[in-house]
Amino acid sequence: MSIIEVESKDIYNDTFFHTLQHLKSTEAYRHFLEFSRSAGHFPLADFQNEKIEVWCSNDYLGMGQNQQVIDDFKASISRFGAGSGGSRNISGNTTAHVALEKRLADLYQRESALVFNNGYLANTESLSVLIGLFDNIKVYSDELNHRSIIEGLKKSKVEKYIFKHNDLKHLEIGLSLEPFERPKIIVFESIYSMDGDLAPVEEIVRLAKKYNALTFIDETHSFGVLGERGLGLVEALHVRDVDFIQGGFGKAIGTSGGFIVGDRDAVDCIRSLAPGFIFTTSLPPALLHATLTSINQVVASPERRNRLFQNVRHLKGALRRQNIDFIDAESHILPIIIPGLARIKAVSDQLLKQFKIYVQPINYPSVPRGQERFRVTVTPDHSIEQIERFAAALKNTLDLA
């Protein structure tokens with residue numbers, strides 16, 4: 001290799017090195033813990049030849065460890081194979097995809113549903129297509145919306161109005177500035193995952209009707225958890241007039257993938273125009289069979305949802321008894337603010353080392369600097385003893401940090 005080749009290569013290497021140094025110096029560098037989920041032992045996991053308790057899983061109901069889901073996954077792999085064989089428009093449009101979409105549409109009493117490879121794509125692709133269909137549409141987006149929503153909105157150059165989080169007055173001010181006839185869409189989440197708070201869905205829908213706007217709700221963190229059948233906050237509040245509902249299977253359903261439901265023509269536009277849907281190998285049919293099994297179990301029985309919220313209440317009581325401050329939101333997500341990346345990482349490391357408890361620090365850019373936190377998620381499978389032990393261990397570690 002010549003000197004010129006070495007020097008030219010250094011240009012790239014220097015960029016990579018300095019980028020990482022900048023991330024580390026600004027406390028934006030992310031650390032990942034490597035461990036193995038242990039089927040049949042949830043919420044325990046295997047880490048360095050030991051069992052640890054997981055307190056930050058998005059598998060809210062433990063359905064990823066459900067024996068019937070696992071058995072159906074195995075049986076479906078034996079029947080259909082490991083992959084789908086192609087994108088949906090080539091050879092990957094299997095009976096499993098169609099059956100799951102029909103089930104979702106029926107559950108929500110909507111005309112159509114569309115399954116994506118993940119919830120992130122469901123947001124980015126659906127929103128970019130919907131917005132791109134209208135020349136003069138104005139988008140109203142909650143300031144705390146998920147990155148997937150932001151990326152979907154960024155694909156279009158249309159006018160955007162970012163309203164203060166859950167601030168109905170600020171939202172209405174923006175809506176009132178435009179003529180009734182101008183196309184508009186309000187985009188928001190049902191549960192905001194960093195604070196665990198709920199959106200004022202009924203009031204947002206009322207404003208949408210008043211000012212002739214479409215509504216798009218992200219139910220990722222409420223699907224499977226809230227509502228009589230676990231269909232989310234919209235079901236829990238008995239709201240029927242949200243135009244588009246997005247959700248994911250990677251949280252309470254315990255598998256992987258995302259979806260959107262809505263009117264047939266609108267969903268068909270997304271199916272026909274979204275590049276992240278059209279040009280992507282579809283999800284394996286075996287995974288979708290397991291997903292359908294999980295959804296059917298969640299819909300059929302509220303038992304695990306009830307047990308989840310019983311444990312949430314018990315955890316809040318245990319933390320109060322230990323004088324540990326937390327954000328007392330209405331959802332199952334329990335944020336505990338521990339400002340400073342160095343401090344929260346030290347607390348996390350000590351919990352793992354001394355108590356075999358794993359809870360991941362959440363830092364910038366997921367939350368503002370100074371708002372670092374644990375996003376604690378108890379599950380139906382955590383015992384009362386584990387809950388009390390977690391609170392006591394956290395108190396002990398915080399006092400020493």
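This section reports on the structure supplied with the text. (Residues numbered from 1 in each chain as written. Predicted model: local features only at pLDDT ≥ 70, side-chain atom pairs only at ≥ 80, totals over all residues. Heavy atoms only, no water.)

The next subject is the pattern of salt bridges. Taken as a whole and assessed by the stated rule, the structure comprises 25 salt bridges. Each of Lys138, Glu159, Glu178 and Arg182 takes part in one network of salt bridges that share partners. (Salt bridge = Lys/Arg side-chain N within 4 Å of Asp/Glu carboxyl O.)

Taken in spatial order, the three strands line up as E11-E14-E13 in an open sheet, and their pairing is antiparallel. Edge strands, defined here as strands with exactly one partner in the open sheet, are strand E11 (334–337) and strand E13 (361–362). (Pairing = 2+ DSSP bridges. Helix = DSSP H or I, 4+ residues; strand = E, 2+ residues; numbered from the N terminus.)

Time to look at unusual backbone geometry. Most peptide bonds take the trans form, and the phi angle of most residues other than glycine is negative. Cis geometry marks the peptide bond from Phe42 to Pro43; its omega dihedral reads 10 degrees. Tracing the backbone through its elements, the reader meets Pro43 in the loop between strand E1 (36–37) and strand E2 (44–47). The omega torsion across Tyr364 and Pro365 is 10 degrees, close enough to zero to call that bond cis. Tracing the chain through its elements places Pro365 in the loop between E13 and strand E14 (373–376). Even without being a glycine, Asn212 presents a positive backbone phi close to 60 degrees. Its place among the elements puts Asn212 in the loop between helix H7 (201–210) and strand E8 (214–218). Asn212 sits in the partly exposed class, given a relative accessible area of 35%. Phi at Lys356 takes a positive value of approximately 60 degrees, unusual for a residue other than glycine. (Buried < 20%, exposed > 50% of the residue type's maximum accessible area, 1.4 Å probe, protein only.)

It is worth spelling out the environment of Asp59 at this point. Looking at the element boundaries, Asp59 is found in the loop between strand E3 (50–54) and helix H2 (67–80). Take Asp59: its relative accessible area is 5%, and that puts it in the buried class. Each C-alpha atom of the pair Asp59 and Val378 lies 9.8 Å from the other, and the pair is 319 residues apart in sequence. Contacts of Asp59, omitting those with residues within four sequence positions, involve Arg37, Phe42, Gly64, Gln65, Lys251, Ala252, Gly254 and Thr379. (Contact = heavy atoms within 4.5 Å.)

Our focus in this paragraph is H2. Look at H2: 20 Å from first C-alpha to last across 14 residues, which is about the 20 Å you get at 1.5 Å a residue. Buried within H2 are the following residues: Val69, Ile70 and Ser76. The buried residues of H2 all sit within an arc of 130 degrees when viewed along its axis, so they share a single face. Relative to its buried face, H2 has exposed residues pointing more than 90 degrees away, namely Lys74, Ser78 and Arg79. Elements that come into contact with the buried residues of H2 comprise helix H11 (285–300). Near the N-terminus of H2, the side chain that reaches the backbone nitrogen of Gln68, with its oxygen 3.0 Å away, is that of Asn66. Where H2 terminates, the next one or two residues include Gly81, which has phi positive at roughly 95 degrees. (Expected span 1.5 Å × (residues − 1). Arc of directions from axis to C-beta. Polar contact = N/O pair within 3.5 Å; in protein donor to acceptor, adjacent residues only side chain to side chain.)

Inspection of every chain in the model, using the stated rule, returns ten aromatic pairs. By way of ring pairs, the aromatic residues Tyr108, Phe223, Phe249 and Phe259 are connected into one cluster. Note that Arg369 overlies the ring of Tyr364, its terminal NZ or CZ placed 3.8 Å from the centroid. (Phe/Tyr/Trp six-rings, centres within 6.5 Å; stacked < 30°, edge-to-face > 60°. Lys NZ or Arg CZ within 6 Å of the ring centre and 35° of its normal.)

The next point concerns helix H3 (residues 95–108). The end-to-end C-alpha distance of H3 is 20 Å, a good match for the 20 Å that 14 residues give at a rise of 1.5 Å each. Along H3, the residues classified as buried are Ala96, His97, Leu100, Glu101, Leu104, Ala105, Leu107 and Tyr108. Buried positions in H3, seen along its axis, are confined to an arc of 165 degrees and lie on one side of it. Looking at H3, the residues exposed on the side facing more than 90 degrees away from the buried face are Thr95 and Lys102. Close packing links the buried residues of H3 with strand E4 (112–116), strand E9 (244–248), strand E10 (258–262) and H11. Gln109, located one to two residues past H3, shows a positive phi value of around 55 degrees.

This part is about the sheet that holds E10. What holds strands together in a sheet is hydrogen bonding between their backbones, with the strands either parallel or antiparallel. A sheet is described by the order of its strands in space; here seven strands give the open sequence E4-E10-E9-E8-E7-E5-E6, paired in mixed fashion. The two strands at the open ends of the sheet, each matched to only one other strand, are E4 and strand E6 (159–163). Here the average twist between neighbouring strands, direction ignored, is 15 degrees. Across three bridges, E8 lies against E9 in parallel orientation. Residue pairing across strands places Asp218 opposite Gln246, the latter belonging to E9. Packed onto the sheet, helix H5 (residues 147–154) meets strand E5 (138–142), E6, strand E7 (184–189) and E8 and runs at close to 165 degrees relative to E5. Seen against the sheet, helix H9 (residues 264–273) touches E4, E9 and E10 and runs at an angle of roughly 25 degrees to E4. (Axes fitted to C-alpha atoms, helices over the stretch in contact; angles between N-to-C directions.)

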